[in-house]
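# Examination of the molecular architecture
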Amino acid sequence: MTLVSYGGKAYRFDPGALCLELLTTGGPGEFARYEVLHEPSDLARWVDRSRLSPGLELSITQLELERTRAVRDALFLLTADRAHGRPPSPRDLAAVNAAAAEPPLAARIEPDGTRAWAPGATGTQLLSTVARDAVDLFTGPHADRIRECGSHNCYLLFVDTSRPGRRRWCAMEHCGNLNKVRAHRARSSPSGV
């Protein structure tokens, strides 16, 4: 997905999982200032930018949007806890598990062999699909590779799917390069600053 830095520069960010893509829409506490899900149409726009196959037509209510934000916030906290080796909050686990227990989006095969979505999709089914992705991530082989960007002022969360498992930055072209430049300047400066 494409994000935009404070300076207005677009960069590519791959969080590695559908559930972690949702975390770029805002979050709890201090991250609420980044909230972009104000209306049901905002959630539909996020779906269009996500890794879900194109063509998903959703009917989203205001209540489903509010529940999506609540589960997203719980997922944000669970992911940050996992990235920092902290135990998960039972309340946050319960929120994600309750969403995952709902029926998910239904895929189907079109006559031409392409993948499509069954009609009548709802915000509840979307949230269930995202929550099930989180269950798969947190219980799967990459659970120990959930990371937070290594930059001192970036809190983007991702799963490191690289072969060596040493990804440190949300995006090399964004935080990675900034930190390389900062380190180079520190080494080159006579005062080390």
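About the thresholds
- Residues numbered from 1 in each chain as written.
- Predicted model: local features only at pLDDT ≥ 70, side-chain atom pairs only at ≥ 80, totals over all residues.
- Heavy atoms only, no water.
- Helix = DSSP H or I, 4+ residues; strand = E, 2+ residues; numbered from the N terminus.
- Buried < 20%, exposed > 50% of the residue type's maximum accessible area, 1.4 Å probe, protein only.
- Lys, Arg positive; Asp, Glu negative; His and termini not counted.
- Salt bridge = Lys/Arg side-chain N within 4 Å of Asp/Glu carboxyl O.
- Arc of directions from axis to C-beta.
- Contact = heavy atoms within 4.5 Å.
- Axes fitted to C-alpha atoms, helices over the stretch in contact; angles between N-to-C directions.
- Parallel < 35°, antiparallel > 145°, perpendicular 65-115°, else oblique.
- Left-handed = near helix turned anticlockwise from the far one by under 90°.
- Expected span 1.5 Å × (residues − 1).
- Phe/Tyr/Trp six-rings, centres within 6.5 Å; stacked < 30°, edge-to-face > 60°.
- Core = buried A, V, L, I, M, F, W, Y, C linked by side-chain atoms within 4.5 Å.

With that settled, the discussion passes to the side chain of Asp92. Its location among the elements puts Asp92 in helix α4 (residues 90-100). Despite its burial, Asp92 pairs with no opposite charge; the closest candidate is Arg91, at 4.2 Å N-O.

Attention now goes to helix α2 (residues 40-49). Within α2 the residues assigned to the buried category are Asp42, Leu43, Trp46 and Val47. Angularly, the buried residues of α2 cover 150° about the axis, an arc narrow enough to put them on a single face. The secondary structure elements touched by the buried residues of α2 are α1 (18-22), β3 (58-59), α3 (62-83) and α5 (123-139).

Now for the packing of α3 against α4. The relative placement of two packed helices is expressed as an angle between their axes plus a distance between the axes. Look at α3 against α4: their axes get within 8 Å of each other, and the N-to-C directions meet at 130°. For the element pair α3 / α4, the angle class is oblique. Handedness of the α3/α4 crossing: left-handed. Here Arg67, Val71, Ala74, Leu75, Leu77 and Leu78 of α3 come into contact with α4, specifically with Asp92, Leu93, Ala95, Val96, Ala98 and Ala99.

Right, let's get into α3. Between its first and last C-alpha, α3 extends 31 Å over 22 residues, near the 32 Å set by a 1.5 Å rise per residue. Glu64, Leu65, Thr68, Val71, Arg72, Ala74, Leu75, Phe76, Leu78, Thr79, Ala80 and Asp81 are the residues of α3 that are buried. Where α3 ends, the next residue or the one after it, Gly85, has phi of about 75°, a positive value.

We now examine the environment of Gly27. Its location among the elements puts Gly27 in the loop between α1 and α2. For Gly27, the contacting residues outside a window of four places in its chain are Ala32, Arg72, Asp73 and Phe76.

Let us now look at the packing of aromatic side chains. A ring pair, where both rings are aromatic, is described by two values, the distance of the centres and the angle of the planes. Taken as a whole and judged by the stated rule, the model has two aromatic pairs. With a centroid separation of 4.8 Å and 40° between ring planes, the pair formed by Phe31 and Phe76 is classed as tilted. Here Phe76 lies in helix α3 and Phe31 lies in the loop between α1 and α2, a separation of 45 residues in the sequence. Note on Phe31: relative accessible area 13%, which makes it buried.

What follows covers the nonpolar core. Formed by 48 residues in total, the largest nonpolar core has its most connected members in Phe13, Cys19, Trp46, Leu52, Leu126, Leu137 and Cys170. When residues of this core are traced back to their parent elements, those giving at least two are α1, α2, α3, α4, α5 and β8 (157-159). Of all the elements, α5 adds the most residues to this core, at seven residues. Ignoring any residue separated from it by four or fewer positions in sequence, one finds Leu52 in contact with Leu18, Val47, Leu105, Trp117 and Leu126.

Let us look at the pattern of salt bridges. Summed over the entire model, instances satisfying the criterion amount to nine salt bridges. The residue Glu21 makes a salt bridge to Arg51 at a minimum N-O spacing of 2.7 Å. Of this pair, Glu21 sits in helix α1 while Arg51 sits in the loop between α2 and β3, and the two are 30 residues apart along the sequence. A single salt-bridge network, built from bridges that share partners, covers Asp14, Glu21 and Arg51.

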